[in-house]
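Here is what each chain is made of, one letter per residue.
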Amino acid sequence: MKTYKKIGLAAFAAVSIVACKPKGTETAVSGDAAQKVYVAPGKHDEVMSFVSGGFNGQISVVGLPSGRTLKIVPVFSVHPENGYGFSEETKPMLETSHGFIPWDDQHHLALSQTNGEIDGRYLFANANNTPRVAKIDLKTFRTTEILEIPNSAGNHSSPFLTENTEYVVAGTRFAVPVDGQGDVPIESFKENFKGYLSFIGIGKEDGKMDITFQIEAPGFNFDLSHAGKGKSHGWFFFSCYNSEQANTLLEVNASQNEKDFIMAVNWKKAEEYLKAGKAKKMAVEYAHNTFDESTQMAKSEILKEVSVLSAKELKDICYLIPCPKSPHGCDVDPTGEYIIGSGKLAALIPVFSFDKLMKAIEKKDFSGEFDGIPILKYESVLHGEVQKPGLGPLHTEFDGKGNAYTSMFVSSEVVKWDIKTCKVLDRTPTFYSVGHLMVVGGDTKKPYGKYLVAYNKITKDRYLPTGPELAQSAQLFDISGDKMKLLLDFPTIGEPHYAQAGPAELFTKNQVKFYKLAENKHPYVTRGEGESKVVREGNKVHVYMTSIRSHFAPDNIEGVKVGDEVYFHVTNLEQDWDVPHGFAVKGAQNAELLIMPGETSTLKWVPVKPGMYPMYCTDFCSALHQEMQGYVRVSPAGSNTPLIYSLNNKKDNAQSPVKEGETK
Amino acid sequence: MKSLRTIAFAALAFTLFSCGGDKKTDSIPSGSAETTAATNNESTAEMEATAAKYDPNRGLGKHENVDVSKFDPAMAAAGKKVAEVKCTSCHKTTDEKLVGPGWKGVTTRQTPAWIMNFISNPDPMIDVDPELQKQLELCLVRMPNQGLSDTEAREVLEYMREIDGAK
C-alpha cells in the first residue's frame, strides 16, 4: 500500500514538474510510442531495412518498427554459422588480387532502383578497406557477386547508384598512385597521387557488374556521393575533402581551406567520350567473383584491364562546386533539383541548385581551375544556406514532402528543415553522436517516409553495460507529423553506417523458399540416397552425402586415412521452406555447413590424427534431430583399412548392405 | 489500496499523454497502406471447424476424383524416379517402417485422392487426420513437404499402385 502511495505521489509530482518539457533520456518518448512499435506475435513488420555492419563486414536485416533483427547476411566476412567463406563453394567470393581476404569494413548500402524507386531486386554493398563492391540477390538474401576496384584505396563513396541502376559508383577515399606504381616517396603526393572514380555498369537482365570506365580526377579524398535524379539524371555528385592535398596530420592540414569541393560528374558525357574512344586502357589486376545459383558454386577470375577517362583532358565531364568546409554527406533531394553538402566543420548547410549549376556551366561562370577542372562560382550555384543548423552536419535524407533531415554528429541531434526556405523546422536529440540517417526510401524519388532511423556511434547509458564495449545503436523516429517523435532504441550488429529500407512486400514477394532438387546442377550433387557414395581419388576422398529429417546417408564411413583431404558434399534433400540442415565434424578447422533445402554444399576436412570422428547436424530439424549423426573412422597413414560406407547396417537390424567405396 | 492504484495509474497516464497534442496520424506518405501480413496460424476455433468438416476419405487439398481405372506403367516408372529422389530416404516399398511407414498396401488403405492430397501438402492433414496422428505418435517426424508437383504426385501414386500389384 505504501508503495502505491509513493507511486501516486511521484506521478502527481511528475505531472506538475516535468509535464510538457520532455528532456533527457527517459522522458524523450511520448505515451503512444510503445503502441507504434508493437508488432504482435505472428504479425510482420511493415518495413524491411538493411543495415550495414561496419567493421564486421556483414549486413543485418532488421524489421521496422519493431527493430527486430531478422538475419545476418555475410558479405565481406567469413561466417561460421553457415560456412560462408569456408565452404568450397563460397571460398572464391572472398578472393582478391591480394589473395583471400576474409573481412572488410562495410559502410554503405544501395537498393536497386527503377525510375528512381526501390525495385526490390538487389542490394549493393561497399568494402572500404580492400576496395570492393558486392551485390546481394534479394530473392535469396545471398551475396552473389563481388567486384574488386583497381586504382583505389578506401572505397568510401560507394555503392551509390543511378535512378535506373545503370551504374553503381566507387570513388576512392584515399588518393593513391595507380596500381603497380605505388612505390614512390609519399612526399611526391601532389605529383603522383590521384583520385579514381569507378563507374560499375549493372547488367539490365542479370545484374552483372563490370567496371565500364574510371575517371582519373585530382588527388582528393572522395568521401560520399549521390546520383542526380529526375532533371539531374545523368549527373553524379561526389563530396571531397583535402583539397589541400596534404598527406600528414590531416585533421589539421586538410582543414586549412575555407571551402573544399563537391565534384559534379556528367556521366552521360563520360559515356559519349568512352564510345568515341577517348579512354586509355590501363593494365591493372582485380578480382571478379560470381556465385552461380544453378551450380551453387562461386568462381573467381582476375581481370586485367580498365578504361580510364581523364578529367583534366576531357574538360566538360567534371566541375567543382566550392563547399564549406570538409564536406561529408552529399545528398540529392527527391526532385533532383537540390544538392545538399554537409561540411563537417561548417556552421551552415549549403544547398545547391541544379538549374543554377546548368546555367553557370553554360555561361562558363567559373572562378578558376583546379588541376585543369573548372571551379564554379559558389554564389552562382547556391540555392541557399541553412544557418546555424547545429554542430557537425553529416548526412541528409528526405521525406518527399519538401523536408530535409540532417544528422548533427557533434551536437547529437537530428534537424528537420525546409528545403525551399532553408528554415529549421524541428530538432530532436539523439543518444549519442549520430552518423548516418535513414528515412525509408529517403534517397529515392518517392520516399516512403514515415520512419527515420538514426545510426549512433556511442550509446553510454542506453543499454545494460557489457564491459568496455557497449552495444551499437539505432533510434527510430516517427516523422509522419510536424514534429519528430522518438519511438524506439535498439542495438545493432557491428558499427552501423548507412542503411536502406522499403515497404516489406517489395522484398517478400519474390523470395525463394527452397532450391528445386531437379534443378540442382552442382557437380557433386546427390539426388536421392540411392546415389550416395564415397569415392577415393588419390588422397582425396569425396563423400556424396544426403541429409533429410533425421539422418545422413551414409552415416558411417571407414577407410579414411591421416593425410587424406575429405570433401563432404552434402545435398539437403528437403523440398520445404525453412528446413536447412547443418553438417559438422569433429576437428574441422574451418566451419560447419548450413545447407538450404535442395542445395549442395561442401566442407573440406583434413583429419590430422587417427580416431573416431562423429559428425552431426547442427540445425535442430525435428524431434529426432539429436539422432542425426554418424561416424568417420580415420586410420593411420598407409594403413589398409578398406574404404566402406553404409547407412543402417547393424547386424541386429540389417537393412542395407555395407558398400565398398569407389577408387578412381 | 485499489483506489490508490487507480489514481496512481491515472496520474501516470496523464503524465504520459499530457504532452501529446499531436494528432494521431495513421497516414503513410506513399506506398501501400496496411502493415503486417498475418501468418498462416489459424485460430483454435478455425482449426476445430476444419477438423469438424474434415473428410477422412478424401483428406485436405485440391485432389478429389482421381481416375485410377487403368494402370499406366510409364507413369509408375516416372513415379519411381521421383520417389528415389524425394521419398525413399524415409520410406521402404515393403511394409517395413524406416523413418516413415512402409508403402506396401497403402493404396488399399487410403483413397487415391487422400494419398495425393497428403503427399503434396502433408502439414495441414497431419493436424486433423486421425490416422496420421497415430502415425506421428509412432514415427515422431512430421512428413516433410517435398514440394511435389501435381504431375509428380500422380506419378508417385501410380508407383505406389504398382507396388500394391496394379497391372
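Here, every reference points to the structure presented above.
Okay, so let's go over this structure. (Residues numbered from 1 in each chain as written. Chains lettered and ligands numbered in written order. Predicted model: local features only at pLDDT ≥ 70, side-chain atom pairs only at ≥ 80, totals over all residues. Heavy atoms only, no water.)

### Description of the packing of aromatic side chains
Residues and elements named next belong to chain A. Operational definition: Two rings from Phe, Tyr or Trp (for Trp, the six-membered ring) form a pair when their centres sit within 6.5 Å of each other. Planes less than 30 degrees apart are called stacked, planes more than 60 degrees apart edge-to-face, and all others tilted. Only DSSP runs of H or I with at least four residues qualify as helices, and only runs of E with at least two residues qualify as strands; both kinds are numbered from the N terminus onward. Accessible area is worked out with a 1.4 Å probe on protein chains only. A residue is then buried under 20% of its type maximum, exposed over 50%, and partly exposed in between. Any Lys NZ or Arg CZ that is within 6 Å of a ring centre and within 35 degrees of that ring's normal is treated as a charge sitting over the ring.
Per the stated rule, a full pass over the model turns up 29 aromatic pairs over all chains. Their ring planes at 15° and their centres at 4.9 Å tell us that F199 and F213 sit as a pair that is stacked. Here the residue F199 occupies a position in strand β12 (residues 195–202), and F213 occupies one in strand β13 (residues 209–217), the gap between them amounting to 14 residues. The exposure class assigned to F213 is buried, which follows from its relative accessible area of 0%. Arranged with centres 5.3 Å apart and planes meeting at 85°, the rings of F431 and Y432 form a pair that is edge-to-face. Owing to a relative accessible area of 7%, F431 belongs among the buried residues under this scheme. Since its relative accessible area comes to 22%, Y432 is described here as partly exposed. One aromatic cluster is present, built from ring pairs that chain together Y167, F199, F213, F220, F222, F236, F238, F261, W267 and F370. Here the basic side chain of K344 rests over the ring of Y241, its NZ or CZ set 4.5 Å away from the ring centre.

### Some words on the sheet that holds strand β29 (residues 424–429) of chain A
Residues and elements named next belong to chain A. Selection criterion: At least two bridges found by DSSP between two strands are what make those strands a pair. Interaxial angles span 0 to 180 degrees and are taken between N-to-C directions of axes, which are lines fitted to C-alpha atoms, for helices over the stretch in contact.
Across the sheet, which stays open at both edges, the 4 strands sit in the order β26-β27-β28-β29 with antiparallel pairing between neighbours. Among the strands making up the open sheet, the edge pair consists of β26 (393–398) and β29. Across the sheet, the axes of successive neighbouring strands diverge by a mean angle of 20°, strand direction being ignored. Where strand β28 (residues 413–418) meets β29, 5 bridges bridge the pair, whose relative direction is antiparallel. Bridging across to β29, E413 finds its partner in P429.

### As for the pairing of strand β43 (residues 611–616) of chain A
Residues and elements named next belong to chain A. Across 2 bridges, the pairing between strand β40 (residues 581–585) and β43 is antiparallel. Bridging across to β43, V585 finds its partner in M615. Where β43 meets strand β44 (residues 629–635), 6 bridges bridge the pair, whose relative direction is antiparallel. Counterpart to G611 in the pairing with β44 is V634.

### What to know about the packing of helix α3 (residues 73–86) of chain B against helix α8 (residues 150–163) of chain B
All names here are of chain B. Put simply, the rule reads: For this classification, under 35 degrees means roughly parallel, over 145 means roughly antiparallel, 65 to 115 means roughly perpendicular, and everything else is oblique. In this analysis, two residues are considered to be in contact whenever any of their non-hydrogen atoms come within 4.5 Å of each other. Gly counts as polar in this scheme, as do all residues outside two lists: the nonpolar Ala, Val, Leu, Ile, Met, Phe, Trp, Tyr, Cys and Pro, and the charged Asp, Glu, Lys and Arg.
Where α3 meets α8, the closest approach of the two axes is 7 Å, and the angle between their N-to-C directions is 105°. One way to sum up the angle between α3 and α8 is to call them roughly perpendicular. Along the contact surface, α3 presents M75, A76, A78, G79, K80, V82, A83 and K86, while α8 presents E152, R154, E155, V156, E158, Y159 and E162. Across the contact of α3 with α8, the residue classes tally to 7 nonpolar, 1 polar and 7 charged.

### A word on the sheet that holds strand β11 (residues 167–172) of chain A
Residues and elements named next belong to chain A. One open sheet holds the 10 strands; their spatial order is β6-β7-β8-β9-β17-β18-β13-β12-β11-β10, and the pairing between them is mixed. Because the sheet does not close on itself, it has two edges, and the strands there are β6 (109–114) and β10 (155–157). Averaged over neighbouring strand pairs, the angle between their axes works out to 30° when direction is ignored. In this structure, β12 lies alongside β13, joined through 8 bridges in antiparallel fashion. Following the sheet pairing, G195 is matched in β13 by A217. Helix-sheet contacts for helix α5 (residues 267–275) involve β11, β12, β13 and β18 (297–310), and the interaxial angle to β13 is about 100°.

### Observations concerning a nonpolar patch on the surface
For clarity, the cut-off: Like-charged residues within 9 Å of one another, or nonpolar side chains (Val, Leu, Ile, Met, Phe, Trp, Tyr) within 5 Å, are grouped into patches, provided each residue has over 30% relative accessible area and no salt bridge. Note on areas: Shrake-Rupley, 1.4 Å probe, and residue coverage restricted to the protein chains presented here. Basic side-chain nitrogens of Lys or Arg form a salt bridge, by our definition, when they fall within 4 Å of a carboxyl oxygen of Asp or Glu.
Taken together, the side chains of L391, F409 and V410 of chain A present a nonpolar region at the surface, about 280 Å² in accessible area. Mapped onto the elements, L391 of chain A comes out in the loop between β25 (382–387) and β26.

### Some points on the packing of helix α5 (residues 112–120) of chain B against α8 of chain B
Residue and element names in this part refer to chain B. This is how it is decided: Note on convention: near helix rotated counterclockwise from far helix by under a right angle means a left-handed crossing. Clockwise means right-handed.
Running from N to C, α5 and α8 cross one another at 125°; their axes reach a closest spacing of 9 Å. Judged by the angle between their axes, α5 and α8 are oblique. Pair α5 / α8 crosses with right-handed handedness. Together, P112, I115, M116, I119 and S120 of α5 and D150, A153, R154, V156, L157 and M160 of α8 make up the contact between the two elements. Here the residues of the contact of α5 with α8 sort into 8 nonpolar, 1 polar and 2 charged.

### Some points on the side chain of T602 of chain A
All names here are of chain A. The condition is simple: Any pair of nitrogen or oxygen atoms within 3.5 Å is treated as a polar contact; in protein, a donor-acceptor pairing is required on top of that, and neighbouring residues in sequence qualify only through side-chain atoms on both sides.
For T602, the location among the structural elements is in strand β42 (residues 600–605). Judged by relative accessible area, T602 falls into the buried class, the value being 2%. At 2.6 Å, the side chain of T602 forms a polar contact with the side chain of E89. Within the structure, the side chain of T602 is placed 2.9 Å from the side chain of H569, a separation counted as a polar contact. In contact with T602, not counting residues within four places along its chain, are S87, E88, E89, H522, Y567, F568, H569 and L593.

### Let's talk about the side chain of Q475 of chain A
All names here are of chain A. Its place among the elements puts Q475 in strand β32 (residues 472–478). Residue class for Q475 comes out buried when judged on its relative accessible area of 0%. Within the local environment of Q475, its side chain forms a polar contact with the backbone nitrogen of F431, the two atoms lying 2.9 Å apart. Apart from residues lying up to four places away in sequence, Q475 is in contact with T430, F431, L452, V453, A454, N456, R462, L486, L488 and D489.

### Quick notes on α5 of chain A
Residues and elements named next belong to chain A. Selection criterion: The arc in question is the one spanned by the directions pointing from the helix axis to the C-beta atoms.
Looking at α5, one finds that the buried residues are W267, A270 and Y273. The buried residues of α5 all sit within an arc of 105° when viewed along its axis, so they share a single face. At the C-terminal side of α5, G277 shows a positive phi close to 80°.

### Let's talk about the pattern of salt bridges
Residues and elements named next belong to chain A. Inspection of the entire model under this criterion finds 39 salt bridges over all chains. Between D489 and R462 there is a salt bridge, with the nearest N and O atoms lying 2.7 Å from each other. Remark: R462 occurs in the loop between β31 (451–456) and β32 and D489 occurs in strand β33 (residues 485–492); sequence separation between them is 27 residues. Classification of R462 by relative accessible area gives buried; the value is 18%. Beyond isolated ion pairs, a larger network of salt bridges with shared partners links D32, K36 and D478.

### Observations regarding helix α7 (residues 130–139) of chain B
Sitting at the head of α7 of chain B, D129 of chain B places a side-chain oxygen 2.9 Å from the backbone nitrogen of E131 of chain B. Residue L140 of chain B follows α7 of chain B closely and has a positive phi angle near 65°.

### Considerations on unusual backbone geometry
All names here are of chain A. Cis rather than trans, the peptide bond between S158 and P159 has omega equal to -5°. Looking at the secondary structure, you find P159 in the loop between β10 and β11. In this chain, A553 is followed by P554 through a cis amide linkage whose omega measures -5°. Positionally, P554 belongs in the loop between β37 (551–553) and β38 (556–561). Positive phi values are uncommon outside glycine, yet L249 reaches one of about 40°.

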